[in-house]
Amino acid sequence: MALSGLANKELILFGGKGGVGKTSCAIAAGIELSKASKTLIISTDPAHSISDCLEQKIGNRIQPIQGVENLSAIEIIADEAFREFKEEHDKEIKSFLDTSTNLDDEDIDILLDLSIPCIDEIMSFIKIISYIEKGMFKKYVVDTAPTGHALRLISSPKLLDQLIKVIVKMRWKYRYMISRFSGSSQQDDMDTLLLNLKKTVKKIERLLCDSARSEFIPVCIPESMAILETKRLISALNTYNVKVRQMIVNNVIESEGCSFCKEKKKSQLKYMEQIGSYYNDLNRVVIPLFPSEITGIEKLNQLRILLFANMLADEKGNRMMMANMII
Ligand SMILES: Nc1ncnc2c1ncn2[C@@H]1O[C@H](COP(=O)(O)OP(=O)(O)OP(=O)(O)O)[C@@H](O)[C@H]1O
Ligand SMILES: [Mg+2]
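Cut-offs applied
Residues numbered from 1 in each chain as written. Chains lettered and ligands numbered in written order. Predicted model: local features only at pLDDT ≥ 70, side-chain atom pairs only at ≥ 80, totals over all residues. Buried ≥ 20, exposed ≤ 12 C-beta atoms within 10 Å, placed from the backbone. Helix = DSSP H or I, 4+ residues; strand = E, 2+ residues; numbered from the N terminus. Pairing = 2+ DSSP bridges. Axes fitted to C-alpha atoms, helices over the stretch in contact; angles between N-to-C directions. Parallel < 35°, antiparallel > 145°, perpendicular 65-115°, else oblique. Contact = placed C-beta atoms within 7 Å. Nonpolar A, V, L, I, M, F, W, Y, C, P; charged D, E, K, R; others polar. Near = placed C-beta within 6 Å. Core = buried A, V, L, I, M, F, W, Y, C linked by C-beta atoms within 7 Å. Expected span 1.5 Å × (residues − 1). Left-handed = near helix turned anticlockwise from the far one by under 90°.

A. View of the pairing of strand β5 (residues 139-143). The buried count for β5 comes to five of five residues, which makes it a mostly enclosed element. The two faces of β5 match: Lys139, Val141 and Asp143 on one face and Tyr140 and Val142 on the other face are all buried. Pairing of strand β1 (residues 11-16) with β5, which is carried by four bridges, proceeds in the parallel orientation. In the sheet register, phenylalanine 14 faces β5, and the bridge partner there is aspartate 143.

B. How the structure looks around the packing of helix α4 (residues 90-100) against helix α8 (residues 189-209). Contact geometry for α4 and α8: axes closest at 9 Å, N-to-C directions at 110 degrees. One element, α4, and the other, α8, form an angle in the roughly perpendicular class. Contact with α4, carried on its side by Lys91, Glu92, Ser95 and Phe96, involves Asp189, Met190 and Leu193 of α8 and no other residues of that element. Of the residues contributing to the contact of α4 with α8, the split by class is three nonpolar, one polar and three charged.

C. Looking closely at the site of ligand 1. If you check the shell around ligand 1, you find 18 residues, and the closest are Lys22, Thr23, Ser24, Phe290 and Glu293. Elements represented by at least two residues in the shell around ligand 1 include exactly α1 (22-34) and β7 (246-252). The element best represented in the shell around ligand 1 is α1, accounting for three residues. Considering only residue class, the shell around ligand 1 consists of six nonpolar, nine polar and three charged.

D. Fine view of the nonpolar core. Ranked by internal contacts, the top residues of the largest apolar core, which has 70 residues, are Ile27, Ala29 and Leu307. Broken down by element, this core gets its largest block of residues, seven residues, from α1. When sequence neighbours within four positions are dropped, the list of residues in contact with isoleucine 27 reads Ile41, Ile50, Cys53, Leu54 and Leu300.

E. Quick peek at helix α11 (residues 296-307). In this model α11 runs 16 Å from its N-terminal to its C-terminal C-alpha over 12 residues, within 8% of the 16 Å that 1.5 Å per residue would give. Here α11 has its buried residues at Leu300, Leu303, Arg304, Ile305, Leu306 and Leu307.

F. A look at the packing of α4 against helix α5 (residues 105-113). Interhelical geometry of α4 versus α5 gives an angle of 120 degrees and a closest axis separation of 10 Å. In terms of orientation, α4 lies oblique with respect to α5. The hand of the α4/α5 crossing is right-handed. Side by side, α4 and α5 meet where Ile93, Lys94, Leu97 and Asp98 of the first sit next to Ile108, Leu111 and Leu112 of the second. Across the contact of α4 with α5, the residue classes tally to five nonpolar, no polar and two charged.

Structure representation (structure tokens):
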């Protein structure tokens, strides 16, 4: 099996347990998609590794990827994105806190310096939506951090929505007082900011739940803990109405050349059967364990061919060649 149905998707997210191959698969998929469309790979993992994987410094600004036309990448630093957001909306936020709380200026500054739970994930999605709206790219491939973070990322629209509701409630009290004293109250910049954030939440939710536009692809390896974590991930995605259609099973040993491989393959077979029985309704893309790490464009291209093998009839020869050198 190969990854399929991504040609018309705008947003493709890769997620799973730590170290299972999310970053490698996300970049390899980005390389494939960039052949037809301008593609941006976005890392939302605070422990970014796309620079290491690509052997090219990426960082917090969109960078073209050397050696691959139509492909760029960015490693979002959520703290920085939040700082920029606060700077941009400093006036509205401060005036809101000033009118809706009893905090003085110093307390407000301290409060704004505190980190807000899940703000990393919220900021990541606000950034992703802003890229999509600017329309600079046709496709966005997201390399997420291990499962917990990915789930918070998916739940971030709901969290942001709850945060907006609390703020609106606080504002409503302030509004009520103003209208009691002055007889009227006009919409201000904070209302506009809240309205725009609310629109962003709706856009993110609509995009994530629209299987014609977006897709979440779990990456798993044939080991018990990874399988359990994938189960939790897929059922959590279901609760957010994000339907999983296909998954990648990575690091599968093909050779039985030595006693270690034989043993390892035997243990993997048990888990491969488990994966098969749990996910018989999903398209399962099996990727063999490479003899070395997957870093640099050449190796990422080998992974790409394996991931999209069925779609690349002319590269079948390559697949055969690679299969021979794989463990
Ligand atoms: N099929 C494979 N064969 C051999 N090595 C692999 C394979 N897939 C990934 N790797 C290697 O395994 C390591 C982890 O891969 P990767 O960084 O893609 O995983 P990850 O899920 O993104 O990890 P993290 O959770 O830390 O972000 C890397 O060194 C990568 O080169
Ligand atoms: Mg990674």
